[in-house]
Amino acid sequence: MKEQLDAIKNYYQKRAKEYELVYKKPERQLDLTHLHTFLKEQFKNKYVLEVACGTGYWTKTIAESCTEICAIDNSEEVLKLAHSKSYPPNTVVFGQYDLWQFGEEHNEFDSVFGGFIWSHILKKDLPKFLKILLQQTHAKGELIFIDNKYVEGSSTPISRTDEDGNTYQIRQLQNGEEYEVLKNFPTKAEVMALVAELGVEMEWKELEYYWILKLKRRISAEATLL
C-alpha cells in the first residue's frame, strides 16, 4: 500500500499547479454545475471532514454552506494552493495528515467527504478505508463521495489492469513527465457488494461523467462498525 500511495503523492505534488485544469473540460461543465449545487445542499449547516482535499477546489464550494470544514491532505504542495483560496471567515481548517494513520475514533463529524479519492484506492484496501472514515462520524453520520466514470473520448485511456482488477492510466504533465497512476472506475454493483458487510445504507447516482455515492450509518450497526 505504502509504495502505491507514495507514487500517487509524488505525482500529485508535481501536478499541483495543473490539477484544476481537468475541471475546465467543456463537455463536463453541466455535470460539474450539478455537483457544486449538490454539495452545497448536502453539507448545509454540517460539520464536515474532507479527506484528500487537494487544491481546495471542492473545499471552496462546501465552505459556502457548511458550518465548518476540516480539510486534510498528505501533500504540502497542494495544501499551499488550497490555503491561497478565499473562504468564508472561520469556516475552513486545513491540516496535513495521512488518513491511513488515523489512530483514534473521533465520532464527531456530521459528514465525511471524499472527492476523487475512491478511484485512487486499491480495491483490497477499500474496506479499511471506509471503516476509518466511518469512525470519524457520529452515530447518524454519513460519507459522501464523488468520482469519475470512464467515458471514452473524455477519460484518459486505461493503460493496464493488474491481477486484482485495479486499473491504471499513464498521466503526462505539462513538462512532458509521465507517471503511471492508479485510477479505478467502480460500478454500482461493485460498490454494493463492497459495502454490504459494513451495515450502511447506500445511495448511488450517475451523471454523464461522474458518480455520486452516499453511505449512511445504520444505528443498529454502530457497535459492529466501531
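Before reading on, note that the structure itself is shown above.
Let me begin by describing the structure that accompanies this report. Since the model is a prediction, treat every value here as computed from it, not as a measurement.

Reading the values: the criteria
- Residues numbered from 1 in each chain as written.
- Predicted model: local features only at pLDDT ≥ 70, side-chain atom pairs only at ≥ 80, totals over all residues.
- Heavy atoms only, no water.
- Buried < 20%, exposed > 50% of the residue type's maximum accessible area, 1.4 Å probe, protein only.
- Helix = DSSP H or I, 4+ residues; strand = E, 2+ residues; numbered from the N terminus.
- Arc of directions from axis to C-beta.
- Contact = heavy atoms within 4.5 Å.
- Polar contact = N/O pair within 3.5 Å; in protein donor to acceptor, adjacent residues only side chain to side chain.
- Salt bridge = Lys/Arg side-chain N within 4 Å of Asp/Glu carboxyl O.
- Pairing = 2+ DSSP bridges.
- Axes fitted to C-alpha atoms, helices over the stretch in contact; angles between N-to-C directions.

What follows deals with helix H4 (residues 76-83). Within an α-helix, residues lying three or four positions from one another point in the same direction, as the helix has 3.6 residues per turn. Every buried residue of H4 is accounted for by Val78, Leu79 and Ala82. In a view along the axis of H4, the buried residues occupy a sector of 100°, so they form one face of it.

Although it is not a glycine, Asn45 adopts a positive phi angle of roughly 60°. Mapping Asn45 onto the fold places it in the loop between helix H2 (29-42) and strand E1 (47-51). What makes Asn45 exposed here is its relative accessible area of 56%. Notably, Ala52 is not glycine yet its phi reads approximately 55°, a positive angle. By the element assignment, Ala52 lies in the loop between E1 and helix H3 (57-63).

Tracing the chain through its elements places Ser119 in the loop between strand E4 (109-115) and helix H5 (126-134). Exposure remark for Ser119: the relative accessible area of 0% places this residue in the buried category. The residues contacting Ser119, other than those within four sequence positions of it, are Asp147, Leu182, Lys183 and Asn184. A polar contact is formed between the side chain of Ser119 and the side chain of Asp147, at a distance of 2.9 Å.

Now for the pattern of salt bridges. For the structure shown, the criterion picks out ten salt bridges. The partner of Glu190 in a salt bridge is Lys123, with the nearest N and O atoms 3.5 Å apart. Here Lys123 lies in the loop between E4 and H5 and Glu190 lies in helix H6 (residues 188-195), a separation of 67 residues in the sequence. Assessed through its relative accessible area of 37%, Glu190 is described here as partly exposed. Where Arg160 meets Glu180, a salt bridge forms, and the shortest distance between an N and an O atom there is 2.7 Å. You can see Arg160 sitting in strand E6 (residues 158-161) and its partner Glu180 sitting in strand E8 (residues 178-182), a full 20 residues away along the chain. Under the relative-accessibility criterion, Arg160 is labelled partly exposed at 36%. On the basis of relative accessible area, Glu180 is assigned to the partly exposed category, the value being 38%.

All right, on to the sheet that holds strand E7 (residues 167-172) then. Two modes of strand pairing occur in sheets, parallel and antiparallel, and in both the strands are linked by backbone hydrogen bonds. In spatial order, the strands read E6-E7-E8; together these three strands make up an open sheet with antiparallel pairing. In this open sheet, the two edge strands, each paired with only one partner strand, are E6 and E8. Between one strand axis and the next, the sheet turns by 30° as a mean value, whatever way the strands run.

The values are spatial; any link to function lies outside them.
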